[in-house]
Amino acid sequence: MRKEADFQKILKVTEGVTEKAVTSRLGKARKAEEILGNELDDIVNDNDFTFDALKKLKEHENSAHSPLSNALRKYYKFINEKEFPRLKQYKGKA
């Protein structure tokens, strides 16, 4: 994440979470990058890449809350100033 410091500030301000929660979210985002083999900045700049990345992360999720996918979605919203659609909705457009 090339804009990690800015992302960290946004998480603190918009979500009003603790420093520990911000650190956890950043850790999940870094783990997503590791799994995907690419920086989130590059992924979220293309909707098809984001869609494919979210599908791939599903295979690595350990929780019903999908923390890796959520981290990618939060970064997407931070960069693109809008939320990425649900996978079923996006798939219908592709």
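Let me sum up the structure you'll find in this document.

Okay, the environment of E61 next. Within the element layout of this structure, E61 appears in the loop between α4 (47-58) and α5 (67-80). Owing to a relative accessible area of 15%, E61 belongs among the buried residues under this scheme. Setting aside its immediate chain neighbours within four residues, E61 contacts S66, P67, L68 and S69.

Let us now look at the side chain of E33. Summarising the element assignment, E33 is placed in helix α2 (residues 19-36). Buried and unpaired, E33 has no salt bridge, with R30 as the nearest side chain of opposite charge at 6.3 Å. When sequence neighbours within four positions are dropped, the list of residues in contact with E33 reads M1, N38, E39 and L40.

With that out of the way, let us pick up the nonpolar core. A general tendency of soluble globular proteins is for nonpolar side chains to be buried together. Formed by 25 residues in total, the largest nonpolar core has its most connected members in M1, F7, L40, L57, L72, Y75 and F84. Elements that contribute at least two residues to this core include exactly α1 (4-15), α2, α3 (40-44), α4, α5 and α6 (87-93). Once residues lying within four places of it in the same chain are set aside, the contact partners of F84 are N47, T50, F51, L54, R73, Y76 and Y90.

Cut-offs used in this document
Residues numbered from 1 in each chain as written. Predicted model: local features only at pLDDT ≥ 70, side-chain atom pairs only at ≥ 80, totals over all residues. Heavy atoms only, no water. Helix = DSSP H or I, 4+ residues; strand = E, 2+ residues; numbered from the N terminus. Buried < 20%, exposed > 50% of the residue type's maximum accessible area, 1.4 Å probe, protein only. Contact = heavy atoms within 4.5 Å. Lys, Arg positive; Asp, Glu negative; His and termini not counted. Salt bridge = Lys/Arg side-chain N within 4 Å of Asp/Glu carboxyl O. Core = buried A, V, L, I, M, F, W, Y, C linked by side-chain atoms within 4.5 Å.

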